[in-house]
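Each chain, written out:
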Amino acid sequence: MDIFNDFSVGLFAMQLVILIVILVLLAKFAWKPILNSLDEREEGIQNALDEADKARKEMQNLQADNDRLLKEARAERDAMMKEAREIKDKIIADAKEEAGQEASKMIENAKATIKQEQQAAIAELKKNVAELSIGIAQTVVKKELASQDDQLKLVEGMLEDVTLN
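First, a word on scope: everything that follows refers to the structure included in this document. (Residues numbered from 1 in each chain as written. Predicted model: local features only at pLDDT ≥ 70, side-chain atom pairs only at ≥ 80, totals over all residues. Heavy atoms only, no water.)

**Some points on the overall build of the protein**
Right, on to step 1. A count of helices and strands for the protein gives two helices and zero strands.
Right, on to step 2. Across the 165 residues of the protein, 1% fall into the buried class.
Right, on to step 3. Only carbon and sulfur atoms are counted for the fraction: they give 62% of the accessible area of the protein, which is about 15,400 Å². (Helix = DSSP H or I, 4+ residues; strand = E, 2+ residues; numbered from the N terminus. Buried < 20%, exposed > 50% of the residue type's maximum accessible area, 1.4 Å probe, protein only. Areas by Shrake-Rupley, 256 points an atom, 1.4 Å probe, with all protein chains shown as cover.)

Next comes the structure, spelled out in structure tokens:
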């Protein structure tokens, strides 16, 4: 089995021609479509990577927008809560002030009512004292002025008091 002893130039040339024809046929019909499909696949993969990168950047932008919107919503919520607290405090302060004013009015009304009732009681007391004094005076005068001499003495005493004053 010696390879060099069995070597045939014709067979070698024929195999070489067949190899060249196969290579030409492969180059013309197979390699171009294979290379084209590889290029298309590489291009498709690159496009997919670019789209993935674009989608990732878009997601980052959306996430940033979501974070910004969330911060704005929180700030708005905090502002609304602060405003609600201020309104609540104002309502409470107004209610306290109004209650204080109502209490002052009620106290003033009570004082006025007490003063009126006090004045009415004093007037009633004066009236009763006056009636009682008149009754006592009538009784004393009737007793003292029972005689003509007593009446003259009383009139003279009154005249002296009038002139002395």
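**Quick notes on a negative patch on the surface**
Right, on to step 1. On the surface, Asp 39, Glu 40, Glu 42 and Glu 43 cluster together into a negatively charged patch.
Right, on to step 2. Among the structural elements, Glu 43 can be located in helix α1 (residues 9–144).
Right, on to step 3. Given a relative accessible area of 53%, Glu 43 falls into the exposed group. (Patch = residues over 30% accessible without salt bridge, like charges linked within 9 Å, V, L, I, M, F, W, Y side chains within 5 Å. Salt bridge = Lys/Arg side-chain N within 4 Å of Asp/Glu carboxyl O. Lys, Arg positive; Asp, Glu negative; His and termini not counted. Charge placed at Lys NZ, Arg CZ, Asp CG, Glu CD.)

**Re the pattern of salt bridges**
Right, on to step 1. Counted under the stated rule, the structure contains five salt bridges.
Right, on to step 2. Between Glu 72 and Arg 68 there is a salt bridge; the shortest N-O distance is 3.0 Å. Here Arg 68 and Glu 72 lie together in helix α1, a separation of four residues that amounts to about one turn.
Right, on to step 3. Salt bridges here are not isolated pairs; linked through shared partners, they connect Asp 53, Arg 56 and Lys 57.

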